[in-house]
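# Reading the structure
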Amino acid sequence: MRVSLNWLNDYISLQDLPIEQIAETLTSLGLEVEGIETLEPWTGEVLVGQIIEAKRHPDAEKLQVCQVDVGESAALTIVCGAANARQDLKVAVAKVGSTLPGDFKIKASKIRGEKSFGMLCSGKELAISEDADGIMELAEDLPIGTSLAEHFQLRDTVIEIGLTPNRTDCLGYIGIARDLAAKLKRPLKVPDAEENKREPSLLTESHIKVEIAQSEDCGRFIALYMDKIKVQPSPLWLQKRLENAGMRPINLIVDATNYVMLETGQPIHAYDLRDIQGGVIRVRRAKDKESLTTLDGSQRQLSGLDIVISDAEQAIGLAGVMGGENSEVKTDTTEIIIEVAHFNASLVRKTAKRHGIHSEASHRFERGTDIHQVESVAVRVASLIQDLSQEQAAGQEPLPRIAGKALETGAELPALPRIALRLPRVRQISGISTLTLQDCIDYMESLGCKYLDRTEERVVLEVPSWRLDIIREIDLIEEIVRLHGYEKIPYSLPMMEIGFLPENTLIEFIDQLKVSMAEIGFHEIISFPFIGPLDLEKFQIPQDHPYRQVVELANPLVEEQRFLRTSLSQSLLKALLENRRHGIVGSRIFECARNFYEFRSYECPTAYQELKGLFTYGAHLMGRGREEDRPLERNCIGGVLDQPYRLKTWQQAEIPANFYHGKAVVTKLLRSFGADDLSFSPINPALLPWMHPKTTALVKIAGEWAGYVGELHPHVADAFGLDFQSLPIFFELDVEPIWRQTNVKRDYLSAALRFPPVSRDIAIILSEHVTHADIEQSVSQFNRRKFLKDVRLFDVFRDPKLGTDKKSLAYSLTFQSPNKTLTDKEVEKELNALLDHLRESVSAELR
Amino acid sequence: MKDKCQQVSSDFASQQQNVLQNPEPRLVDELRVAFLGRKGQITGLMENLKQIDPSERPEAGKLINLLRKDIEEQIEALKSSAQSGELAKVLNKDALDVSLPIADTLPKGSLHPVTLMRQVLLREFRRLGFTVYDGPELDFDFYNFSALNFKDDHPARDMQDTFFLKNRPDMVLRTHTSNLQVHAMLRERPPLRIVAPGRTYRCDSDLTHTPMFHQIEGLVVDQNISMGDMKGIVDKFLKAVFGEDLQTRLRPSYFPFVEPGGEFDLQCVSCRGKGCRICKMTGWLEIGGLGMVHPNVFEAVDYDSEKFTGFAFGFGIDRMAMLKYNLSDLRQLFEGNQQFLGQFPVYS
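Residues numbered from 1 in each chain as written. Chains lettered and ligands numbered in written order. Predicted model: local features only at pLDDT ≥ 70, side-chain atom pairs only at ≥ 80, totals over all residues. Heavy atoms only, no water.

### Notes on the overall build of chain A
Definition in use: Secondary structure is summarised from DSSP: a helix means a run of H or I of at least four residues, a strand means a run of E of at least two, and numbering begins at the N terminus for each. Using C-alpha atoms as the atom set, the radius of gyration is obtained and then compared with a globule rule of 2.2 Å times the number of residues to the power 0.38. In this scheme, a residue with accessible area under 20% of its type's maximum is buried, one over 50% is exposed, and one in between is partly exposed, where area comes from a 1.4 Å probe on protein chains only.
Each helix and strand in chain A was counted, giving 20 helices and 41 strands. Over its C-alpha atoms chain A spans a radius of gyration of 42 Å, topping by over 25% the 29 Å that the globule rule assigns to 847 residues. Taken over the C-alpha atoms alone, chain A extends approximately 130 × 85 × 60 Å along its principal axes. Within chain A, the proportion of its 847 residues that are buried is 54%.

Written as structure tokens, this is what we have:
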């Protein structure tokens with residue numbers, strides 16, 4: 001809300017206070033000052049002068065050389081081209097050294113050989129009016145030497161207040177002045193609506209009838225008739241005030257309604273009586289297919305949810321939102337009906353939203369207006385129209401007349417709320433033990449409350465009609481503390497039981513997971529979780545896939561952010577592109593965040609059953625939240641290992657990143673959290689369609705789905721413009737299977753083994769289809785195992801000499817006993833047994 | 001026997017001489033085997049002893065033993081000189097160019113500045129006895145708005161530009177972490193002292209707003225909590241994070257779920273209150289909103305609003321991270337650029 005300080009001074013005298021102090025006071029009241037703008041119409045002096053002599057320029061027919069008295073010892077010589085420059089005229093003189101609007105600098109100059117010291121200005125040159133036709137002709141009684149900026153109140157300070165939606169009363173200047181008056185303990189000056197200007201013989205009801213169809217739509221409707229209206233521009237000072245408050249001046253009638261709205265917070269509308277058919281105003285719901293062209297020129301299709309103002313035939317206004325074009329005040333309007341009403345806030349809000357209109361009126365109505373002030377506002381605006389017309393007419397024309405009585409329609413006014421306030425509660429909530437009941441009463445009275453009844457520790461207060469936000473005792477307490485000053489609240493610390501709320505261990509676990517990932521050498525990113533339909537296409541995810549069951553936003557910012565991601569890879573790929581774009585090679589980034597799924601009414605095809613670990617509520621959700629039907633959120637950690645794994649160095653050639661580097665990262669991370677029972681198995685290509693089907697593994701912890709690691713699918717890389725010859729490694733793990741491992745109880749050696757280990761190397765020839773995992777599996781089933789502690793692969797060898805489809809795997813075996821030093825014989829015996837076992841289970845031959 | 005001993009002795013002396021020329025451990029060992037080994041010369045002498053007259057044996061035995069002792073000592077000496085020779089060789093190898101770069105086998109990672117800030121905040125709040133709470137990012141209108149005293153169709157709802165879910169009209173992307181107040185109070189009974197950090201969403205995107213951002217919510221509820229306690233706790237934690245010498249300020253404001261409500265300002269960390277670009281010449285930085293829990297909120301979660309009072313606060317983590325690390329571009333936080341992010345440490 002833009003507050004003109006000149007204008008505000010009408011309601012509370014603040015001239016003696018520096019602007020910083022006013023701003024600070026407002027902010028301390030909760031009326032936060034967001035900006036202060038000093039408005040200067042020009043720099044330098046522009047004064048009232050009088051032409052004492054005007055002579056024709058010797059060298060130019062259209063120019064005159066004027067002698068102008070500006071109240072200084074000598075007259076100024078000014079060359080002027082305006083035809084209306086003449087002797088005795090009071091004119092606006094811009095002196096040498098001033099700069100007019102549009103950065104127009106006034107300098108001493110020579111015009112066709114004649115010296116000129118200043119300029120006689122038109123209204124347009126001073127940005128006072130649109131009049132560029134000749135110089136301004138000022139009133140004869142204006143004293144010579146008067147500053148024009150002061151005379152026209154052109155100098156102003158505008159305070160921008162960020163109003164919170166509860167303070168409906170401060171949508172009018174009087175409300176702001178009232179808060180300041182209460183805080184600064186200064187008198188509030190509210191303009192009187194002068195009754196004596198009214199014309200008892202004029203009756204509103206002989207011109208108009210008002211009908212309200214539903215009292216809950218419109219609690220009150222004031223219609224006030226005026227005649228002998230002359231539609232003309234408003235006085236300059238008022239136009240400037242409106243402009244400074246952010247409104248455009250239109251004509252005297254409309255300006256007066258806007259002025260009183262800004263003064264009181266109550267929207268007002270004026271109708272041209274000629275346009276109200278049938279002499280009746282009806283407040284009713286719009287009919288089906290009814291339409292209305294509003295003042296902004298748009299044609300609106302209305303519905304039964306909109307309240308309209310209509311005459312006998314058609315809608316003439318969208319109630320509380322915007323007037324109709326068909327009934328607006330025009331240049332030849334002579335009779336008007338002033339409308340001041342109270343409309344249902346919720347309905348006005350819905351109508352404004354539905355039609356995409358945000359007007360000054362709807363802004364106020366939807367927040368709630370003061371139903372008790374409608375009549376006085378109507379009288380105030382009528383009086384102002386009369387006063388302004390008088391000012392403009394300068395006593396030469398008949399003045400507008402105001403009907404003797406307004407027509408008031410509506411149900412009985414609601415009673416003002418009465419609230420009991422307890423002093424101990426005030427002290428307890430605020431922590432200010434020095435507040436007395438009298439302090440509380442004083443503060444509340446200064447805001448317009450009436451106290452009805454009091455005991456020693458309790459007072460009953462009647463809340464003024466304009467404070468719609470004061471409903472309960474707590475609201476009164478806020479007012480008291482606000483006026484007393486938040487800065488006076490003493491600092492303390494809560495005195496409470498230590499209590500004990502158990503913390504979900506998942507929270508700290510996730511924080512530690514991030515630390516571990518960073519320690520492995522990855523850089524954490526945080527990305528927006530939004531993706532677009534195109535991303536899902538490029539990721540090749542079919543409609544029936546669990547990762548396609550997206551949560552969709554009703555109002556995305558852009559199409560590319562219509563959905564929430566189902567895989568961190570979708571976000572990580574974008575970050576990877578960002579890094580590649582900036583020439584960063586070998587980036588290693590990770591993110592730990594949530595994926596979102598909408599599995600309501602989804603049946604998972606059997607092909608994707610391995611992903612069913614996704615289909616449960618995340619453990620971050622506790623209590624009642626788990627019992628509700630919600631989209632799923634799962635905490636995941638994912639990363640990218642871009643090419644190359646290592647840049648070339650003086651010791652080594654460049655190392656390209658491959659699947660095993662990714663596997664190493666995943667293994668290291670998982671082992672750090674005690675997840676020892678890991679397995680990596682090939683994927684069914686349909687399972688993860690954005691990953692390379694041949695170089696991707698499913699990661700399982702203790703046989704349970706935990707995620708995947710592998711190369712990006714070359715088609716996906718290509719779709720995103722990445723070189724598919726050099727694929728980045730992606731991995732993604734569901735956090736919860738890892739977290740659950742931290743709770744698994746396991747057996748630890750109570751002490752280190754004292755007896756030395758013995759190692760033996762073997763190489764075995766196998767069929768190509770037998771994997772290392774098969775060997776590990778076979779070893780784990782070796783039932784004559786006594787001393788074998790560790791099996792480590794150290795070589796993979798392929799050679800035609802081994803036979804077709806054969807390979808050799810070499811293992812280093814470690815044997816150790818907890819209670820003795822092993823003899824060669826004992827080791828040989830177990831080694832042979834193992835070889836027998838491998839021969840039987842996987843047809844391994846010793847090489 | 002005496003002659004034989006002398007011969008062995010001189011034989012040893014000459015071979016010892018050879019080894020001394022080049023005291024390698026291998027040669028020393030060969031010498032040892034040649035004289036003291038199972039088939040060595042000393043063993044040979046002992047074998048000979050069997051053939052001589054028993055009366056001379058003690059004398060001869062003494063001689064052989066003396067000789068063996070002598071050779072053993074000599075070999076020990078040779079061994080240690082061979083050892084020092086080897087040590088010297090290892091010591092005397094060429095000096096490395098230690099300025100050559102490492103092959104970066106252990107590259108450093110980094111945590112996001114917002115995560116680092118979160119670590120700092122959680123550490124301080126746990127010290128103050130708070131429990132950390134977590135919950136959903138997609139939530140029902142009830143938790144995000146209506147239980148928090150946002151009336152239906154009230155302009156207060158416009159204070160937060162809300163993302164709505166398309167096929168679930170009663171759900172939103174949470175606009176604040178305050179939904180956790182409702183979750184926590186429905187689950188727990190006072191005394192409550194919790195903080196809940198997390199991601200929040202609003203459909204707003206410009207230089208100073210991102211559609212996703214981070215907040216930390218705080219909630220303290222017990223039988224006698226006052227605004228003074230609220231000021232005290234928030235002041236303590238802000239000073240712990242940003243420095244003891246900074247002033248803080250509480251001023252009135254409005255959020256539907258608190259009454260009295262306010263905003264907390266911190267003296268500008270950059271200009272210390274003088275006024276600069278970062279604080280828009282005001283000398284103060286807005287840290288977040290707070291207030292006493294509105295009785296309507298207590299009533300929505302079935303707490304006795306006469307018996308219990310409490311306060312809640314919600315602060316922006318991103319803003320605090322930017323202040324702490326002196327960052328100027330909010331949007332850069334979420335672009336994932338490794339050059340920018342990689343400069344941050346792993347621990348806060």
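### Examining unusual backbone geometry
Here the residue pair Gln643 of chain A and Pro644 of chain A is connected by a cis peptide bond, since its omega of -10° sits within 30 degrees of zero. With an omega of -5°, the peptide bond between Glu259 of chain B and Pro260 of chain B qualifies as cis. One non-glycine residue with positive phi stands out, namely Ser601 of chain A, at about 55°. Note on placement: Ser601 of chain A falls in the loop between strand E32 (588-597) and strand E33 (632-641).

### Quick word on the sheet that holds strand E5 (residues 76-80) of chain A
Strands belonging to one sheet form pairs held by backbone hydrogen bonds; the direction of such a pair is parallel or antiparallel. All names here are of chain A. To keep it simple, the criterion reads: Here a strand pair is declared whenever DSSP counts at least two bridges between the two strands.
The 5 strands lie next to each other as E5-E4-E3-E6-E11, forming an open sheet whose pairing is antiparallel. Of all the strands in the sheet, the pair left with one neighbour each is E5 and strand E11 (119-120). In the sheet, strand E4 (residues 64-69) pairs with E5 via 5 bridges, with the strands oriented antiparallel. Looking across to E5, one finds that Cys66 is bridged to Ile78.

### Focus: the packing of helix H1 (residues 2-21) of chain B against helix H3 (residues 41-49) of chain B
Residue and element names in this part refer to chain B. Definition in use: Axis lines are fitted to C-alpha atoms, over the contacting stretch for helices. Their N-to-C directions set the angle, which ranges from 0 to 180 degrees. By definition in this entry, angles of less than 35 degrees are roughly parallel, angles greater than 145 are roughly antiparallel, angles of 65 to 115 are roughly perpendicular, and the rest are oblique. Whether two residues are in contact is decided by their heavy atoms, any of which lying within 4.5 Å being enough. For this scheme, ten residues count as nonpolar: Ala, Val, Leu, Ile, Met, Phe, Trp, Tyr, Cys and Pro. Four count as charged, namely Asp, Glu, Lys and Arg, and the remainder, Gly too, count as polar.
At a minimum axis distance of 11 Å, the contact between H1 and H3 shows a crossing angle of 175°. On the basis of their axis angle, the class for H1 and H3 is roughly antiparallel. Judged by residue contacts, Lys4, Cys5, Val8 and Asp11 of H1 engage Gln41, Ile42, Leu45 and Asn48 from H3. For the contact of H1 with H3, the residue count by class is 4 nonpolar, 2 polar and 2 charged.

### A word on the sheet that holds strand E1 (residues 131-132) of chain B
Residues and elements named next belong to chain B. Here we have 7 strands laid out as an open sheet, ordered E1-E4-E5-E9-E8-E7-E6, and mixed in their pairing. The sheet is open, and its two edges are formed by E1 and strand E6 (248-253), each paired on a single side. The sheet contact formed by E1 and strand E4 (residues 192-201) spans 2 bridges and is parallel. Bridge assignment links Thr131 to a residue of E4, and that residue is Ile194.

### A few points about the interface of chain B and chain A
We count it as follows: By convention, the term buried area covers the 1.4 Å-probe accessible surface removed from two parts as they join, with the contributions of both added. For this document, the term salt bridge refers to a Lys or Arg side-chain nitrogen within 4 Å of an Asp or Glu carboxyl oxygen. In the analysis that follows, any N or O atom pair within 3.5 Å is treated as a polar contact, provided that within protein one partner can donate a hydrogen and the other can accept it, and provided that, for residues neighboring in sequence, both atoms belong to side chains.
Between chain B and chain A, the residue contacts involve 110 residues of the former and 100 residues of the latter. In total, chain B and chain A occlude about 8900 Å² of area from one another, counting both sides; carbon and sulfur atoms represent 56% of this. Ranking the residues of chain B by area buried against chain A places Arg168, Pro252 and Gln338 of chain B at the top, with a combined share of 8%. Summed over the shared surface of chain B and chain A, the number is 14 salt bridges. Residues Arg349 of chain A and Asp158 of chain B are paired through a salt bridge, measuring 2.7 Å at the closest nitrogen-oxygen approach. For the pair chain B and chain A, the number of links is 49 residue pairs in polar contact (both at pLDDT 80 or more). Here the side of chain B that touches chain A takes 8 residues from helix H8 (residues 227-242) of chain B, the largest share from any one element.

### What to know about the nonpolar core
Residues and elements named next belong to chain A. Stated formally: In plain words, nonpolar cores are sets of buried Ala, Val, Leu, Ile, Met, Phe, Trp, Tyr and Cys residues tied together by side-chain atoms within 4.5 Å.
Core analysis: the biggest nonpolar cluster contains 292 residues, and Leu8, Ile176, Ile338 and Leu688 have the highest contact counts within it. Here Ile338 is in contact with Ile222, Ala223, Leu224, Met226, Ile268, His269, Ala270, Val381, Ala382 and Ile385, once residues within four sequence places are set aside. Counting residues in hydrophobic clusters, the runner-up holds 23 residues, among them Leu822, Leu831, Leu835 and Val842.

### Structural notes on helix H8 (residues 360-367) of chain A
Residue and element names in this part refer to chain A. A large share of H8 lies buried, amounting to 6 of its 8 residues. Every buried residue belonging to H8 is among Ala361, Ser362, Arg364, Phe365, Glu366 and Arg367, and all of these are buried. Its buried side turned inward, H8 meets helix H6 (252-264), strand E23 (336-343) and helix H7 (345-355).

### Examining the pairing of E32 of chain A
All names here are of chain A. Burial analysis of E32 places 10 of its 10 residues in the buried class, which makes it a mostly covered element. Bridge count for strand E29 (residues 523-524) against E32 is 2 bridges, and the pairing is parallel. Note on E32: the bridge partner recorded for Glu524 is Phe590. Two strands pair when backbone bridges link them, and E32 and E33 are joined in this way by 10 bridges, in the antiparallel orientation. Bridging from a neighbouring strand, Ile589 pairs with Val640 of E33.

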